[in-house]
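The primary structure of each chain is shown beneath.
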Amino acid sequence: MITYGSDGVKMPAIKKRETTAWIKAVAACHGRRVGEIGYMFVNDEKILDVNREYLGHDFYTDIITFDYDEDDIISGDIVISLDTVRSNAELFGRNYEEELHRVIIHGILHLCGIDDKGPGEREIMEAEENRALDMLASGRKKA
């Protein structure tokens, strides 16, 4: 089950059923099934608090993923700062909705075992994000 909530920000206008189906399809491409995933959309101050409290990091970020996977079932809590998503969309010249979906699936890809911190890993993550975004776009064209 995938749940979506917000704390301190207005819930983003995502199509929950479509997004959930997309997340499950992306996970399946990586040989995984979806267990319990909770998304929480927050502001920059809240994600900074979470980053400090749970990770000991004193900086803003767009996403924090807490991994509770067991075997091939992905589960976790994913915290996303809509403030940082918005500023990153501007910075990278993307529209807000695309950047939001990129970050939403970024957390799922982490749960599927894809990292982005080591040498060459960022490029792999970006390629997988782009592949997932293409899946979302082609699914919308069929509907």
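For the structure, check the block above.
Residues numbered from 1 in each chain as written. Predicted model: local features only at pLDDT ≥ 70, side-chain atom pairs only at ≥ 80, totals over all residues. Heavy atoms only, no water.

## Side note on the overall build of the protein
Stage number 1. Helix and strand counts for the protein stand at five helices and four strands.
Stage number 2. Counting from the amino terminus, the protein carries its helices and strands in the arrangement β-α-β-α-β-β-α-α-α.
Stage number 3. Against the 2.2 N^0.38 benchmark of 15 Å for 143 residues, the protein shows a C-alpha radius of gyration of 14 Å, consistent with a compact globule.
Stage number 4. Each of the three principal axes of the protein carries a C-alpha extent, and together these read 40 × 35 × 30 Å.
Stage number 5. Taken over 143 residues, the protein has a buried fraction of 43%.
Stage number 6. Long-range pairs, those at least 24 residues apart, make up 63% of the contacts in the protein with a sequence separation of at least 6. (Helix = DSSP H or I, 4+ residues; strand = E, 2+ residues; numbered from the N terminus. Rg over C-alpha atoms; globule rule 2.2 N^0.38 Å. Buried < 20%, exposed > 50% of the residue type's maximum accessible area, 1.4 Å probe, protein only. Contact = heavy atoms within 4.5 Å.)

## Side note on the packing of aromatic side chains
Stage number 1. Under the definition given, this model contains three aromatic pairs.
Stage number 2. Taking the centre distance of 5.5 Å and the plane angle of 5° together, the rings of Tyr-4 and Tyr-39 count as stacked. In this pair, Tyr-4 is assigned in strand E1 (residues 2-7) and Tyr-39 in strand E2 (residues 33-42), connecting sequence segments 35 residues apart. Tyr-39 matches Tyr-4 in its accessibility class, with the two residues each being buried.
Stage number 3. Among the aromatic residues, those joined into a cluster by ring pairs are Tyr-4, Tyr-39 and Phe-41.
Stage number 4. Its guanidinium or amino end placed over the ring of Tyr-96, Arg-86 lies 4.2 Å from that ring's centre, counting from NZ or CZ. (Phe/Tyr/Trp six-rings, centres within 6.5 Å; stacked < 30°, edge-to-face > 60°. Lys NZ or Arg CZ within 6 Å of the ring centre and 35° of its normal.)

## Points about the nonpolar core
Stage number 1. Of all hydrophobic cores here, the largest spans 31 residues; its most connected members are Ile-23, Tyr-39, Phe-41, Ile-80 and Ile-108.
Stage number 2. Looking at this core, the elements with two or more residues in it are E1, helix H1 (16-29), E2, strand E4 (73-81), helix H3 (82-92), helix H4 (96-111) and helix H5 (121-142).
Stage number 3. Beyond its immediate chain neighbours, meaning those up to four positions away, Tyr-39 contacts Ile-2, Thr-3, Tyr-4, Gly-5, Ile-23, Ile-78, Ile-80, Ile-104 and Ile-108.
Stage number 4. Ile-47, Ile-64, Phe-66 and Val-79 belong to the second-largest nonpolar core, a separate cluster that totals six residues. (Core = buried A, V, L, I, M, F, W, Y, C linked by side-chain atoms within 4.5 Å.)

## A closer look at empty space enclosed by the protein
Stage number 1. In total, this model carries one cavity of 30 Å³ or more according to the counting rule given.
Stage number 2. Volume-wise, the largest cavity comes out at about 40 Å³.
Stage number 3. Every residue along the wall of the largest cavity is listed here: Val-26, Cys-29, His-30, Glu-128, Arg-131, Ala-132 and Met-135.
Stage number 4. Put simply, the parts of the chain that give the lining of the largest cavity at least two residues each are H1 and H5.
Stage number 5. If you tally residues by element for the lining of the largest cavity, the top one is H5, at four residues. (1 Å grid on protein atoms, 1.4 Å probe; cavity = no way out; pocket = protein on both sides within 12 Å on 5 of 7 lines; lining within 4 Å. Points joined across faces, edges and corners; volume = space filled by probe spheres on them.)

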